[in-house]
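Fold and geometry: a report
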Amino acid sequence: MTDLKITLIRSAAHSLPEQRKTVKALGLGRVNGTVVLPDNAATRGALLKIAHLISVEEINK
């Protein structure tokens, strides 16, 4: 099972409201903030909406 390490590399302040809500729902609060989430379809779908704001790395357990 793999996890995803997601880092916010750009601010969501001037993004669309839907993108700001997605950033907050993923648990990202500020630039260079990092969260580790499970690799599943729901997470991947959310990441596609804000791909221009984040950096993603795979972590093997």
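Anything mentioned here points back to the structure above.
Residues numbered from 1 in each chain as written. Predicted model: local features only at pLDDT ≥ 70, side-chain atom pairs only at ≥ 80, totals over all residues. Heavy atoms only, no water.

Structural notes on the environment of Lys61
Mapped onto the secondary structure, Lys61 falls in the segment after strand E3 (54-60). Since its relative accessible area comes to 74%, Lys61 is described here as exposed. Along the sequence, Lys61 and Thr2 sit 59 residues apart, while their C-alpha atoms lie 6.0 Å from each other. (Helix = DSSP H or I, 4+ residues; strand = E, 2+ residues; numbered from the N terminus. Buried < 20%, exposed > 50% of the residue type's maximum accessible area, 1.4 Å probe, protein only.)

Remarks on the pattern of salt bridges
Taken as a whole and assessed by the stated rule, the structure comprises 4 salt bridges. A salt bridge links Lys61 to Asp3, with the nearest nitrogen and oxygen atoms 3.6 Å apart. On the criterion of sequence distance, the pair formed by Lys61 in the segment after E3 and Asp3 in strand E1 (residues 2-8) is long-range, its members being 58 residues apart. Between Arg44 and Asp39 there is a salt bridge, with its nearest N and O atoms 2.7 Å apart. Taking the relative accessible area as the measure of exposure, Arg44 reaches 37% and is therefore partly exposed. (Salt bridge = Lys/Arg side-chain N within 4 Å of Asp/Glu carboxyl O.)

Details of the sheet that holds E3
Either a parallel or an antiparallel arrangement is found when strands of a sheet pair, and the pairing is made through backbone hydrogen bonds. Read across the open sheet, the 3 strands follow the order E2-E1-E3; overall the sheet is antiparallel. Here the strands that pair on one side only, and so sit at the sheet edges, are strand E2 (34-38) and E3. The mean inter-strand angle of the sheet, taken between neighbouring strand axes irrespective of direction, is 25°. Set on the sheet, helix H2 (residues 41-49) makes contact with E1, E2 and E3; between it and E1 the angle comes to about 25°. (Pairing = 2+ DSSP bridges. Axes fitted to C-alpha atoms, helices over the stretch in contact; angles between N-to-C directions. Contact = heavy atoms within 4.5 Å.)

Re the nonpolar core
The biggest cluster of nonpolar side chains holds 13 residues, and the ones touching the most others in it are Ile6, Val23, Leu28, Leu53 and Ile54. Mapped by element, the contributors of at least two residues to this core are E1 and H2. Ranked by residues supplied to this core, first place goes to E1 with 3 residues. With near-sequence residues (within four places) excluded, Leu28 lies in contact with Ile6, Leu8, Val23, Gly33, Thr34, Val35 and Ile54. (Core = buried A, V, L, I, M, F, W, Y, C linked by side-chain atoms within 4.5 Å.)

Here's the deal with the side chain of Thr22
Mapped onto the fold, Thr22 is located in helix H1 (residues 17-25). Thr22 sits in the buried class, given a relative accessible area of 12%. Leaving out residues up to four positions away in the same chain, Thr22 has contacts with Ala46, Lys49 and Ile50.

Spatial relationships are all this shows, so hold off on functional conclusions.
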